[in-house]
Amino acid sequence: MSFFGLDCTRKKEGEVERKIRANDREYNLSFKYATNSIKTSKYNPFTFLPLNLFEQFQRIANAYFLFLLILQVIPAISSLSWFTTVVPLVLVLSVTAAKDAIDDIVREVCCEPPNNRLDRFTGTLTFNSQKYSLDNERVLLRGCTLRNTDWCFGLVLFAGNKFRQMCGVCSGKFGHYKLLTKVVFSNTVFSAFLTFWSYIIILNTVVPISLYVSMEVIRLGNSYYINWDRTMYHAGSDTPAEARTTTLNEELGQIKYIFSDKTGTLTQNIMTFNKCSINGKSYGQDQSVEMTPVDFSFNRLADPKFLFYDHSLVEGVKLELPDVHAFFRLLALCHTVMAEEKREGDLVYQAQSPDEGALVTAARNFGFVFRSRSPETVTIEEMGIQRTYELLAILDFNNVRKRMSVIVRNPEGKLSLYCKGADTIIYERLHPSCSEFAGEGLRTLVLAYKDLDEEYFSEWKQRHHESSVALEDREEKLEKLYEEIEKDMMLIGATAVEDKLQDGVTQTLEQLAKAEIKIWVLTGDKQETAENIGYSCNLLREEMNEVFVVAFALESNMELEFLRTACICKTVICCRVTPLQKAQVVELVKKYKKAVTLAIGDGANDVSMIKAAHIGVGISGQEGMQAVLSSDFSFAQFRFLQRLLLVHGRWSYLRMCKFLRYFFYKNFTFTFVHFWYAFFCGFSAQTVYDEGYITLYNLVYTALPVLGMSLFDQDVNAGWSLEYPQLYVPGQLSQYFSKRAFMMCALHSWYSSLVLFFVPYAAIYDTARDNGKDGTDYQSFALITETCLTVTVCVQLGLDLSYWTVVNHLFVWGSLGMFFILTFTMYTDGLYRLRPSSFAFIGTARNCLNQPNVWLTVALTAILCVLPVVVYRFLSSQISPTINEKVRYKVCQMKEPAPRPRRTRLTRRSTRRSGYAFSHAHGYGDLMTSGRYLRRNALTCSTGLIPTGRSPGFKPTGRSAGYSPVGREQNPKQKVEPTSLQVFRAVKDSFF
């Protein structure tokens, strides 16, 4: 705002940078930074009631019933007492408020998923006139655990509401129910048709407020079933299944597409060193052939759990072959593993990824033992001789580089760069031996080295330091330096590690495929590895005609072609995809296919995919808890997915659909009776029922039976659900609750209301009681109609129930008993004297229900109401039975428990190619060289190896001494040609 040329507005300038001095409170307070006071709760004792009520009345249903309550207090409009609405409304608000209070008490900080704001930090530390680089690896977030040090110096950077994770806190929101979107409109249209405000009040029970509370209870109960399922408990890791949300249970029964990660999800993510290639010679034998493992007894530091079956490799180590020594020396030096040695010879490795742990363990067993590290050194034992290398730099791994390098100076003073990475990154063309490993489904990793000039490295190191402390474009500058020095490397060899399938993966995938669930595997591995895993778990089979390879498929001009091609394939495996591309594939299917999607993964690289899908499932494995914390459901093994979907998901969907159909039937029937009565009361808005009955109908008389059905009903047990996965298909097609099912429910309610009104009306028309008094009066008619309605809805519930339990019997018969007890109680003289206007039906129950013709009327009405349902179900089961009816009939005929699921044996081992894909997680190289931890020096006591054939004057040979077994240089730049799209079909646009 400008006034006479003056700018009168006060602009708050954004914070460009933050300066903090250690142990200087006065200096830091001058910037008025936020204090270290963090509030993660939504309420306090004073604000809970107003804030909670404000949030609850933002829900349309609650606001609607509040509006009805206002209308009811206007005598000129309402024919009902206000308590018929206020009692259920207060009950619903109280239950929801209690739930919100409990959630707020146990609330944790709710953070955004990994993104460019949480996983990046740029800063500089100035100490003793020297600048040191600060990045996200130097930031300790909430929940971090310090290891390998007893203490450290720390400085608070962000506090209070500026705390980084606090910036991602989101307020709780009410869930939205997809199944209700199809029926709320009907209430609106029906209400709009009515002409009087009074009938808006009377007909509000079409969708009562208790519907929402009942749905929450059902969802909560079905979530606990998942948590309590012992068959989904993994004893090895002591991990039970967990439903981390209570609003998506029924959608588990409608899954059409599953997007799965490979490593750690389908596989165990426990790597074993299987084969290697050194200077063109392959080592390692197929473990399926009966061979004796290598004897590592000569090495007292060997890991007893490590197995290898090619004796020629250990002989090469003992013969001091330069190529072999250089190979294992690189494995012992080029990594970010931490070693713990609590007592002499007892080494425990903590690796960033299972791949690194397997490779360092292999080097350990073959005589090159990684013992310890400090920020400046790496200590290893080479064939019994301890050697300390000066660690000059770590060029760490990331998603783009897919490689890591270390620059070290050996004890003789020679500078070398050691590098390992994905084959397509290290060199343009693979050696035939490396391709052979890929054909057996192994993860190949290429090793290379480069000798460095001292003068060039000093100049490069200075530029590296300047780039590392830059506040702008730090990552880009460092990447250019890494590219510069990682050129013209010499090939040493390749490693191959094996990641076996988890137990039950093949059988689970087969079961899900029989349930018409499409499974897409999204992996960062190369094509050959992905194909081989596909054959191993029977996703790919020999009888399949072709495997289609698509390049640049997610480009805007290619995505529809990719989706069309993928949707006509029996199996889809996307390889070489990044975490972002995984999410893009999921979003593509969600955008163009009207289907419920599920994504399952185990690592941080799967978080984007898990968040993008309708339902996210996290596996708690070797990659940490990032996927689990971002998921809706979690467990420890992929095989539990079939029980989650085929049992819990199907039951939840079936129960919720039965609940909605029955709930709308009983309430539509209850409400439609008013419509017929309007023709006899002159549309005066007089109600058919007693006000007490209107209040208690949904809260007491019919609440527990439908909850019992929705929590305990099952068409077949868990064993038969797994034996016949085809039972899952109706949920994908929304057959249990569709527009047609809703219209059938409304039609049945219309017919039942017609019977419930006119049969009692005709039964008492112009009649007299046993005592000769007139039996035709409004109060008697109302009570008979109430009794007929209560009995009819209970009979209908009994027909809908497939599985009777003790709880169901208790709820059904108990609700009927409660109806008669409360009816006789409310119609007594005592309550009439207390409040005549509310209890006007004095003596009606005892005078009416003792007449035989009344009970005959109740029986006739109930039979006529359910007769069309019985006839329809009988004819449909005989003419066109559903899959559920067929299976139930077979189960009844067999009269025996379901067999246990069969486990399929693998019948072939693919000869197709495969390859290595690195972990997507950023490496720990900066941590190694930061000096942020203290380690004692390596134990200098007796050697852990028994020297074999070595002279005391042995000097190192191989690449660290200038020897190169490979005479050619690597191309500094590699060009990867895109794979062309193989198209064989023409699909019309109408395919969608």
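Basis of the calculations
- Residues numbered from 1 in each chain as written.
- Predicted model: local features only at pLDDT ≥ 70, side-chain atom pairs only at ≥ 80, totals over all residues.
- Heavy atoms only, no water.
- Helix = DSSP H or I, 4+ residues; strand = E, 2+ residues; numbered from the N terminus.
- Buried < 20%, exposed > 50% of the residue type's maximum accessible area, 1.4 Å probe, protein only.
- Salt bridge = Lys/Arg side-chain N within 4 Å of Asp/Glu carboxyl O.
- Pairing = 2+ DSSP bridges.
- Core = buried A, V, L, I, M, F, W, Y, C linked by side-chain atoms within 4.5 Å.
- Contact = heavy atoms within 4.5 Å.
- Patch = residues over 30% accessible without salt bridge, like charges linked within 9 Å, V, L, I, M, F, W, Y side chains within 5 Å.
- Areas by Shrake-Rupley, 256 points an atom, 1.4 Å probe, with all protein chains shown as cover.
- pLDDT = per-residue confidence, 0-100.
- Phe/Tyr/Trp six-rings, centres within 6.5 Å; stacked < 30°, edge-to-face > 60°.
- Lys NZ or Arg CZ within 6 Å of the ring centre and 35° of its normal.

Now for unusual backbone geometry. Of note in this structure, Asp473 is not a glycine but carries a positive phi near 55°. By the element assignment, Asp473 lies in the loop between helix 13 (454-468) and helix 14 (474-485). Of note, Glu516 is a non-glycine position whose phi angle comes to about 65°, a positive value. On the accessibility criterion, Glu516 (44% relative accessible area) is partly exposed.

In the structure shown here, the tally under the stated rule is 20 salt bridges. For Glu486, the salt bridge is made with Arg403, and the minimal N-O distance between the two is 2.8 Å. Here the residue Glu486 occupies a position in the loop between helix 14 and strand 17 (490-501), and Arg403 occupies one in strand 14 (residues 403-409), the gap between them amounting to 83 residues. Taking the relative accessible area as the measure of exposure, Arg403 reaches 7% and is therefore buried. For the salt bridge of Arg650 with Asp715, the shortest nitrogen-to-oxygen distance reads 2.8 Å.

Right, let's get into the sheet that holds strand 5 (residues 242-243). With mixed pairing, the seven strands of this open sheet are ordered in space as 5-22-21-20-6-18-19. Every interior strand has two partners, whereas the edge strands, strand 5 and strand 19 (572-574), have only one.

Across a regular strand the side chains alternate sides, sitting on one face of the sheet and then on the other. Within strand 14, seven of the seven residues are buried, leaving the element largely enclosed by the surrounding structure. Side chains Arg403, Ser405, Ile407 and Arg409 project from strand 14 onto one buried face, and the interleaved Met404, Val406 and Val408 project onto a second face that is buried too. Pairing geometry for strand 13 (residues 385-395) and strand 14, over five bridges, is antiparallel. Bridge pairing in strand 14 links Ala393 to Ile407. With seven bridges connecting them, strand 14 and strand 15 (residues 415-421) associate as antiparallel partners. Bridging across to strand 15, Ile407 finds its partner in Leu417. In sequence, strand 14 turns back onto strand 15 through a hairpin of five residues, with Gly413 there showing a positive phi of about 95°.

With that out of the way, let us pick up the pairing of strand 10 (residues 346-350). Only one face of strand 10 is covered, namely the one carrying Leu347 and Tyr349; the face carrying Asp346, Val348 and Gln350 has none of its residues buried. Pairing of strand 9 (residues 338-343) with strand 10 involves five bridges; the strand directions are antiparallel. Across the sheet, Glu341 pairs through a bridge with Leu347, a residue of strand 10. The turn linking strand 9 back onto strand 10 is made up of two residues, and Gly345 within it adopts a positive phi angle of 85°.

All right, on to the nonpolar core then. Of all hydrophobic cores here, the largest spans 66 residues; its most connected members are Leu211, Phe659, Leu660, Phe664, Tyr689, Tyr693 and Leu789. In terms of residue count, the dominant contributor to this core is helix 21 (residues 640-678) (16 residues). Setting aside its immediate chain neighbours within four residues, Leu789 contacts Thr669, Phe670, Tyr689, Tyr693, Tyr697 and Leu756. One finds Ala339, Ile394, Phe397 and Val408 within the second-largest nonpolar core, a separate group that totals 53 residues.

Right, let's talk about a nonpolar patch on the surface for a bit. On the surface, Phe675, Phe679, Phe680, Phe683, Phe758, Tyr761 and Tyr765 cluster together into a nonpolar patch covering about 690 Å² of accessible area. Note that Phe683 resides in the loop between helix 21 and helix 22 (691-701).

Positionally, Trp228 belongs in helix 7 (residues 210-228). Judged by its relative accessible area of 60%, Trp228 is exposed. Separated by 13 residues in the primary sequence, Trp228 and Ala241 have C-alpha atoms spaced 7.8 Å apart.

Our next topic: the confidence of the model for the chain. Across the chain, the average pLDDT comes to 76, with 72% of residues at 70 or higher. Here residues 903-921 is modelled with pLDDT under 50, and outside its nearest four sequence neighbours on either side it reaches 77 contacts, counting other chains as well. With pLDDT under 50 throughout, residues 932-992 is counted as low confidence; its partners more than four residues away or in other chains account for 141 contacts.

Here we take up the packing of aromatic side chains. The tally for this structure, following the rule as stated, stands at 49 aromatic pairs. Between Phe757 and Tyr761 the ring centres are 6.0 Å apart and the planes differ by 10°, which places this aromatic pair in the stacked class. Residue Phe757 and its partner Tyr761 are both found in helix 26 (residues 739-764); the two are separated by four residues, about one turn of the helix. Relative accessible area serves as the criterion here: at 31%, Tyr761 is assigned to the partly exposed category. Residues Tyr761 and Phe781 carry aromatic rings whose centres are separated by 6.4 Å and whose planes lie at 90° to one another, so their mutual orientation is edge-to-face. Taken as a pair, Tyr761 in helix 26 and Phe781 in helix 27 (residues 778-800) lie far apart in primary sequence, 20 residues in all. In this structure an aromatic cluster arises from ring pairing among Phe675, Trp676, Tyr677, Phe679, Phe680, Trp750, Phe757, Phe758, Tyr761, Tyr765, Tyr778 and Phe781. Above the face of the Phe298 ring, Lys318 is positioned so that its terminal group lies 4.7 Å from the ring centre.

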